[in-house]
Amino acid sequence: MIASKKTSHTTLMSTPVATPLTQLPAWKALLQHQEHMREFDMNQAFAEEPARFDEFSLRANGLLLDYSKNRINAETMSLLVKLARDAGVQDMRAAMFAGDPINFTEHRAVLHTALRNPDQASLAVDGKNVMPLIRDVQDHMRRFTNAIHTGEWRGYTGHSITEIVNIGIGGSDLGPAMVSMALRPYAHAGVQVHFVSNIDPSHLANTISSLNPETTLFIIASKTFTTLETLANARAARDWVLAHLHDTAAVARHFVALSTNTQGVQDFGIDPNNMFEFWDWVGGRYSLWSAIGLSIALAVGWDNFEALLNGAHAMDTHFQDAPLEQNMPVVMALLGVWYNNFWDADTYAVFPYDQRLALMPAFLQQLDMESNGKSVTRANRPVDYKTGPIMWGAPGTNGQHAFFELLHQGTQFVPADFLIAVENSMPLADQHEWLIANCLAQTEALLVGKTQAVAQAELIAQGLPLTEAEVLAPHKVFEGNRPSNTLLYQRLDPRTLGMLIALYEHKVFVQGVIWQINSFDQWGVELGKQLALPIRQALEPDADPGQHDSSTLGLIAEIRRHR
Ligand code: F6P
């Protein structure tokens, strides 16, 4: 099956939206409820409710979500759960897992969950059981991974492969890159995995500058096998290999492809036997569980890749089975909707206090913003409410020394998730204890803040005269009452990572259902790609610059002048 980014002209069937979101009784009730909650003081709530942590925390498969530091009470949660119910979250969830074409603008099922289901024997898409196809590709991936690791697979000159370069972009890069970095303690000795995504030639050039083509394998990862950046980098990599090995037969030993587009792979010159297939019902940003995960398996071994899949499956099971009020992705999604739509928050942040998750914010950015950055409903009408927020983040504690000032004292309202492991797999002295202490201290500081009176008293206790303390104290005020979630896990192992990623995937899904949008297409990225072609032509020295606005024409002329 070829994944085209164009849709066909057969009838588009969206999942019906019975009632516009803002007409749902729960939505109206939440609007009213927010009026009562405007002055809600979380600190007072903690003082009055000794069981607040127990009431507003959830456990699933070894993960703890503490969501007690939020501007919520029992009524908030019950109204939000009612909203999820009335918005049809349960039906859409069942439709997704059953393989219904819920990505209706592309006529596609959404079945990344099937890729990580070890038990399911049959699941029909367009009348065809896809489970045997999944198992065949997984088997191929496992055999290939073992062949590289044992040295059975050799490069063209007979050397074993020690360097792997994954060339892909977006979903064909961010997930595998993030996971490979996160699982570094599980890395298979003897192979190094690199990731090249940008069409900026320095990305590939820097990566291969220290590599030997005789021991390097390129993985060309592209769902469509039409993506400009990936194909340009793949061609440059092939030229580099051929410049050293002087025989087109070398391509078969140094290039494999991960794609849905067999023809495109063949046209590029990669042997279809070296192609690992996936299918159009795997969205790009949901594809790390598919053949796109080959670089992960090569980085950490097949068993660890399988543990990652199993962790995600455990979260899928929780998402399907847990009642909405105890359902971790649902609760996280609802809190996001609460702040996005009822408190007017424009952004939300994720701070993994885990250096190995440094790439997680970038991965979540695509997951969240490409999925829910939409403004037309499933009923084909413009939305009249906010959909997906701006998602951002960085690892703690680094963020504390960069932008946390704004979180504590700025005028923006930024709900945030903090992620922290109980144990570090790379302990050094007591550094992990400090990491935990900082993570908890930040969420506590966001909650409790500091009043002017306290700030002033502290200054006086430090020996400042009253007149100076009065001037300085307002600058030391922290408003407090700022919300956060904490996700706590034992250690960042493959299974836990799988759970965390699936948690965010389902959170994004639930929000998309509530906002009545299609979270699985991405038409918004197409226009820029279309416009790049005539601009590329206009950059040629004697070319007609074409029809553009005067800014674009001015920039093209300036660039041409400086050539
Ligand atoms: O342009 C956006 C996008 O289509 C993403 O959705 C996708 O993950 C990325 O490009 C890469 O696409 P492909 O895997 O087809 O090269």
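Residues numbered from 1 in each chain as written. Predicted model: local features only at pLDDT ≥ 70, side-chain atom pairs only at ≥ 80, totals over all residues. Heavy atoms only, no water.

A.B. asks: Go over the packing of aromatic side chains with me, naming the residues and quoting the values.
C.D. replies: To describe a pair of aromatic rings, you give the distance between the ring centres and the angle between the ring planes. According to the stated counting rule, one finds 27 aromatic pairs in the structure shown. Look at W27 and F342: their rings are 4.7 Å apart centre to centre, the planes differ by 55°, and that puts the pair in the tilted class. Of this pair, W27 sits in helix α1 (residues 25-37) while F342 sits in helix α15 (residues 328-342), and the two are 315 residues apart along the sequence. Owing to a relative accessible area of 5%, W27 belongs among the buried residues under this scheme. Using a relative accessible area of 8% as the deciding quantity, one classes F342 as buried. Ring geometry for F404 against F418: centres 6.3 Å apart, planes inclined by 90°, an arrangement best described as edge-to-face. (Phe/Tyr/Trp six-rings, centres within 6.5 Å; stacked < 30°, edge-to-face > 60°. Helix = DSSP H or I, 4+ residues; strand = E, 2+ residues; numbered from the N terminus. Buried < 20%, exposed > 50% of the residue type's maximum accessible area, 1.4 Å probe, protein only.)

A.B. asks: Go over unusual backbone geometry with me, naming the residues and quoting the values.
C.D. replies: The linkage connecting G396 with the following residue, T397, adopts the cis geometry, with an omega of 5°. Along the chain, the position of T397 falls in the loop between β11 (390-393) and α17 (404-409). Backbone geometry places N481, a non-glycine residue, at a positive phi of 60°. The topology assignment puts N481 in the loop between α20 (466-472) and β13 (484-489). Even without being a glycine, Q516 presents a positive backbone phi close to 60°.

A.B. asks: Summarise the site of the ligand; cite the residues concerned and give the values.
C.D. replies: Contacts to the ligand come from 15 residues, most closely from S172, S222, K223, T224 and T227. Measuring from an oxygen atom of the ligand, one finds a backbone N or O atom of G171 at 2.8 Å. The side chain of S172 places a nitrogen or oxygen atom 2.6 Å from an oxygen atom of the ligand. Contact with the protein chains hides 91% of the accessible area of the ligand, taken as 400 Å² for the molecule alone. Here the shell around the ligand is built from residues that sort into two nonpolar, nine polar and four charged. (Near = heavy atom within 4 Å. Polar contact = N/O pair within 3.5 Å; in protein donor to acceptor, adjacent residues only side chain to side chain. Areas by Shrake-Rupley, 256 points an atom, 1.4 Å probe, with all protein chains shown as cover. Nonpolar A, V, L, I, M, F, W, Y, C, P; charged D, E, K, R; others polar.)

A.B. asks: Residue-level account of the packing of helix α4 (residues 74-86) against α15, with values.
C.D. replies: If you want to describe how two helices pack, look at the angle between their axes and the distance between the axes. Where α4 contacts α15, the axes come no closer than 10 Å and their chain directions differ by 100°. If you check the angle between α4 and α15, you find them roughly perpendicular. Note on element contacts: α15 touches α4 through V331, L334, L335, V337 and W338, opposite T76, M77, L80, V81, L83 and A84. Of the residues that constitute the contact of α4 with α15, the class distribution is 10 nonpolar, one polar and no charged. (Axes fitted to C-alpha atoms, helices over the stretch in contact; angles between N-to-C directions. Parallel < 35°, antiparallel > 145°, perpendicular 65-115°, else oblique. Contact = heavy atoms within 4.5 Å.)

A.B. asks: Go over the environment of S371 with me, naming the residues and quoting the values.
C.D. replies: With respect to the helices, strands and loops of the structure, S371 is situated in helix α16 (residues 360-372). In this structure S371 comes out as buried when scored by relative accessible area, which is 0%. For the pair S371 and G283, spaced 88 residues apart in the sequence, the C-alpha separation amounts to 9.9 Å.

A.B. asks: Any details on the sheet that holds strand β12 (residues 416-421)? Residues and values, ideally.
C.D. replies: Read across the open sheet, the six strands follow the order β1-β2-β13-β12-β10-β11; overall the sheet is mixed. Pairing within the sheet leaves two strands with one partner each, and these edge strands are β1 (57-60) and β11. Geometrically, the sheet is characterised by an average inter-axis angle of 15° between neighbouring strands, direction not taken into account. Where strand β10 (residues 347-353) meets β12, five bridges bridge the pair, whose relative direction is parallel. When the bridges of β12 are listed, A349 appears paired with A416. (Pairing = 2+ DSSP bridges.)

A.B. asks: Describe in detail the pairing of β12, supporting the description with residues and values.
C.D. replies: Burial analysis of β12 places six of its six residues in the buried class, the great majority of the element. Taking every second residue as pointing to the same face, both faces of β12 are buried, with A416, F418 and I420 on one and D417, L419 and A421 on the other.

A.B. asks: Which residues make up the sheet that holds strand β6 (residues 192-196), and what values go with them?
C.D. replies: Strands sit in the order β6-β5-β7-β8-β9 across an open sheet of five strands; the sheet is parallel. The strands lining the two open edges of the sheet, one partner per strand, are β6 and β9 (275-277). Neighbour-to-neighbour, the strand axes of the sheet open up by a mean angle of 20°, direction not taken into account. Along the sheet, helix α9 (residues 201-208) contacts β5 (163-167), β6 and β7 (216-221); its crossing angle with β6, the most-contacted strand, is approximately 165°. Each of β5, β6, β7 and β8 (255-259) touches helix α10 (residues 228-245); the most contacted strand, β7, lies at about 160° to it.

A.B. asks: Describe the pairing of β11, listing the residues and the values that go with them.
C.D. replies: Pairing of β10 with β11, which is carried by four bridges, proceeds in the parallel orientation. Paired with Y348 across the two strands is M391, which belongs to β11. Handedness of the crossover joining β10 and β11 through α16: right-handed. (Right-handed = clockwise from strand over helix to strand, strands pointing away.)

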